[in-house]
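Below are the chains, spelled out letter by letter.
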Amino acid sequence: MRKLPFFLLCFISAILAFSSLIIFYPREKQVETVKKTYIELWHIDTFEGGVGSRRAFLEKAALSYQKKSDTVVIVKEQTVYSAEQNFANNVYPDMISFGSGIKLPYDRLVSLKTGKTDKNNKETIAKAEKSGGNDYAKVWCMGGYVKITRKGVSADGLIISEQKNAMPYLAAKLSGETLPVKQVIDSDKAVYPFYADKNAALIGTQRDLFRLENKGIDIDVVPYTGYNDLYQYVSVISADDEKAFKCGLFIDYLLSDEIA
């Protein structure tokens, strides 16, 4: 039998080796791409006490939710003024986080039960500030009013820590408070007259408590339960049905015990 030339044997061996690589080399797994839905959430702070921390909480919740769903929630901060100017120019997000003191686009709000808008729902939504939420606005966090006195002191008058879009004196009166008002002062400065007047009670919020605790003052605290307007709501205003539905799912997550 005639032998094949050496170079031809080398060529055939190389072809066979390359063919085996093609046959047995594992194919790369195809990466499945999941279509993401992007939702814009405007966060609008309207009352003091927790400013910054509320936005940070929303951002943390959005990031956590993104890891377990196909929805990316983008949190953007707005002032009352910038939000209302955008609404006036027909610029809207998919969701809003807001407190009292803002003019809402009522005819765009989506029912969290039906997923539909209702151009006659302004009166219904307005009642949320008294009831703590409804089909169009859910409370996702809240503050509260408190009466602060020095430990063991029977106060002879009130110092009111005043802020925009909040009514602490109304909370005091509706909770049965009878002491006279000594002074009404901006919330940024309210702790200072309280330092000076050891017989006064300070009517304020958790922000005032935080400031006083940092000063190491020994205090007594009584919550006012007759009235509260320190609610932060979340609503859906997306005109896109699919996005509105996914906004509702995110709100369910935001209100769940998973991120409490």
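Residues numbered from 1 in each chain as written. Predicted model: local features only at pLDDT ≥ 70, side-chain atom pairs only at ≥ 80, totals over all residues. Heavy atoms only, no water.

Draft legend 1. Representation of the sheet that holds strand 4 (residues 138-142). Pairing in this open sheet of five strands is mixed, and the strands run 2-1-3-10-4 from one edge to the other. Looking at the sheet topology across the chains shown, the edges are occupied by strand 2 (71-78) and strand 4. Averaged over neighbouring strand pairs, the angle between their axes works out to 25° when direction is ignored. As judged from the four bridges shared by strand 4 and strand 10 (residues 231-236), these two strands associate in the antiparallel manner. Residue Lys-138 lies in a different strand from strand 10, and its bridge partner there is Val-234. Taken strand by strand, helix 3 (residues 80-88) contacts strand 1 (37-44), strand 2 and strand 3 (95-98), and its axis lies near 130° from that of strand 1. Sheet strands in contact with helix 9 (residues 241-254) are strand 1, strand 2, strand 3, strand 4 and strand 10, and its direction is about 60° off that of strand 1. (Pairing = 2+ DSSP bridges. Helix = DSSP H or I, 4+ residues; strand = E, 2+ residues; numbered from the N terminus. Axes fitted to C-alpha atoms, helices over the stretch in contact; angles between N-to-C directions. Contact = heavy atoms within 4.5 Å.)

Draft legend 2. Quick look at the packing of aromatic side chains. Taken as a whole and assessed by the stated rule, the structure comprises eight aromatic pairs. Considering the side-chain rings of Tyr-65 and Phe-250, the 5.4 Å spacing of their centres and the 70° angle between planes classify their relative orientation as edge-to-face. Here the residue Tyr-65 occupies a position in helix 2 (residues 53-68), and Phe-250 occupies one in helix 9, the gap between them amounting to 185 residues. Classification of Tyr-65 by relative accessible area gives buried; the value is 7%. Of the residues examined, Phe-250 reaches a relative accessible area of 1% and is grouped as buried. (Phe/Tyr/Trp six-rings, centres within 6.5 Å; stacked < 30°, edge-to-face > 60°. Buried < 20%, exposed > 50% of the residue type's maximum accessible area, 1.4 Å probe, protein only.)

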